[in-house]
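# Survey of secondary and tertiary structure
For reference, the chains in residue letters:
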Amino acid sequence: MTKNILTITLIGGGLIAGYSYYVKMRKTSAELEVVPEANIHAVNWDGIIIRLDLLLKNPTKGSFSIKFPFVKLTYKGTTVGSSQVVNQDIKIPAYGQAKIEKLLVSIPILSIFSVSTSILKAIQNKEQVMITATMKTTIDLGMVTVPFEENHEVILKK
């Protein structure tokens, strides 16, 4: 009888601890802050190549890792390019940050002529070009993985 009470107590305590850990980690994932920066890397006959640098900030006491983010660029509601898919984990320490540099997104020449001629014209006229960068990744919290998606309006810099 005492053995059964001890077993039930240990299982109950484990469930409560597991649930508390899950809630804490779920809150940690919601506090991930992404600061993107977009630069024109090259303009050539193949199209426009945009370089994205992402600063990932973790203002919480829980550390975690994320899958290398997939980034899709849209301009005036139309998708103009996306990054490569990379199977790599990135560690983000507690109260720390990680930087992903030189994530290249190519906007093909066909896209420029059919969808986004205004990007090329704005670049040539040295005007600001505002694009939307959608970042998708998965946050690995240890026992749980959580999908993460965030949109950012970014000004292309020369």
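Refer to the preceding data block for the structure.
First, a word on what this report is: a plain description of the structure on this page. (Residues numbered from 1 in each chain as written. Predicted model: local features only at pLDDT ≥ 70, side-chain atom pairs only at ≥ 80, totals over all residues. Heavy atoms only, no water.)

## Some thoughts on the overall build of the protein chain
When its secondary structure is counted, the protein chain shows three helices and nine strands. Mapped from its N terminus to its C terminus, the protein chain presents α and β elements in the order α-β-β-β-β-β-β-β-α-α-β-β. Relative to its 158 residues, the protein chain shows a buried fraction of 38%. Sequence separation of at least 24 residues holds for 64% of the intrachain contacts in the protein chain that already meet a minimum separation of 6. Carbon together with sulfur atoms contributes 56% to the accessible area of the protein chain, which is approximately 9800 Å² in total. (Helix = DSSP H or I, 4+ residues; strand = E, 2+ residues; numbered from the N terminus. Buried < 20%, exposed > 50% of the residue type's maximum accessible area, 1.4 Å probe, protein only. Contact = heavy atoms within 4.5 Å. Areas by Shrake-Rupley, 256 points an atom, 1.4 Å probe, with all protein chains shown as cover.)

## A look at the side chain of Thr 60
Its location among the elements puts Thr 60 in the loop between strand E2 (47-58) and strand E3 (64-67). A relative accessible area of 13% places Thr 60 in the buried class. For Thr 60, the side chain forms a polar contact with the side chain of Asn 58, separated by 2.6 Å. (Polar contact = N/O pair within 3.5 Å; in protein donor to acceptor, adjacent residues only side chain to side chain.)

## Remarks on unusual backbone geometry
Even without being glycine, Lys 76 reaches a positive phi, approximately 55°. Tracing the chain through its elements places Lys 76 in the loop between strand E4 (70-75) and strand E5 (78-82). On the accessibility criterion, Lys 76 (67% relative accessible area) is exposed. Residues other than glycine seldom take positive phi values, yet Tyr 95 does so here, at roughly 50°. Mapped onto the elements of the fold, Tyr 95 is located in the loop between strand E6 (89-92) and strand E7 (96-108).

These values are about where atoms sit, not about what they do.
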